Amino acid sequence: KDLSLGSRNRIFKKLGYDKDLTLPATIIYKDKKPSVSIEGLTGIDRLYTLLKKYNLVNDNKLPLNYLNLIGTNELLDKSGISLLAFGNYEDENNADFEKNLWSLNKEYNLDINFMFLIDVIEAEGKQLEARMFPDSDMKVNAPVLYIIENGKVLNYIEGTASSTEIVEFLKNNGIINN
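Small disclaimer: the values here were computed from a predicted structure and weren't measured. (Residues numbered from 1 in each chain as written. Predicted model: local features only at pLDDT ≥ 70, side-chain atom pairs only at ≥ 80, totals over all residues. Heavy atoms only, no water.)

Draft legend 1. Up close: unusual backbone geometry. Of note, the amide linkage connecting Ala-142 to Pro-143 takes the cis form, showing an omega dihedral of -5°. The backbone of Asn-109 sits at a positive phi, close to 50°, despite the residue not being glycine. Position of Asn-109 relative to the elements: it lies in the loop between helix H4 (94-107) and strand E5 (112-116). Phi angles above zero are rare outside glycine, and Asn-150 is one such case at about 50°. Looking at the element boundaries, Asn-150 is found in the loop between strand E6 (144-149) and strand E7 (152-158). (Helix = DSSP H or I, 4+ residues; strand = E, 2+ residues; numbered from the N terminus.)

Rendered as structure tokens:
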């Protein structure tokens, strides 16, 4: 059941958080006082960075290589074949897609790069599309997994595909050995 705004604010006040807060939210307390918060939906990469900063996680590896726009452009500058996925944490299909990629990354020892499109403004998105699809008017969408070679898209599969379909796609494209 949803809380009324008044009930929610009373709970936050009891927790020592007296600011208006957009839900969902993550609040980190230090010395029993709210120290920092992330409001609204956020990606695992941002949450992990925050938890790492406050020594609340022990491991040093996220299940995917999470990239920002700079990292994505650097990936596109590399020679060779890469896997690049785009997601959007506001899309209901993204959570399942991301979990599928985590499992596949571990099971097949892949090196999957992942970027949240919500972090890209329109002009940057158009530049990214021009780099990835120089000879077409295709658009980058999410969720999707691209096979990139020397900065150009070789093939892709929509993120609504099942794990089995993604594995077959990767096998058919020589990423996973049969």
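Draft legend 2. Seen up close, the packing of H4 against helix H6 (residues 163-172). Between H4 and H6, whose axes approach to 10 Å, the crossing angle comes to 55°. With respect to each other, H4 and H6 are oriented oblique. As H4 packs across H6, the resulting crossing turns out to be right-handed. Two secondary-structure elements touch here, H4 through Phe-97, Asn-100 and Leu-104 and H6 through Ser-163, Ile-166 and Val-167. When its residues are assigned to classes, the contact of H4 with H6 shows 4 nonpolar, 2 polar and no charged. (Axes fitted to C-alpha atoms, helices over the stretch in contact; angles between N-to-C directions. Parallel < 35°, antiparallel > 145°, perpendicular 65-115°, else oblique. Left-handed = near helix turned anticlockwise from the far one by under 90°. Contact = heavy atoms within 4.5 Å. Nonpolar A, V, L, I, M, F, W, Y, C, P; charged D, E, K, R; others polar.)

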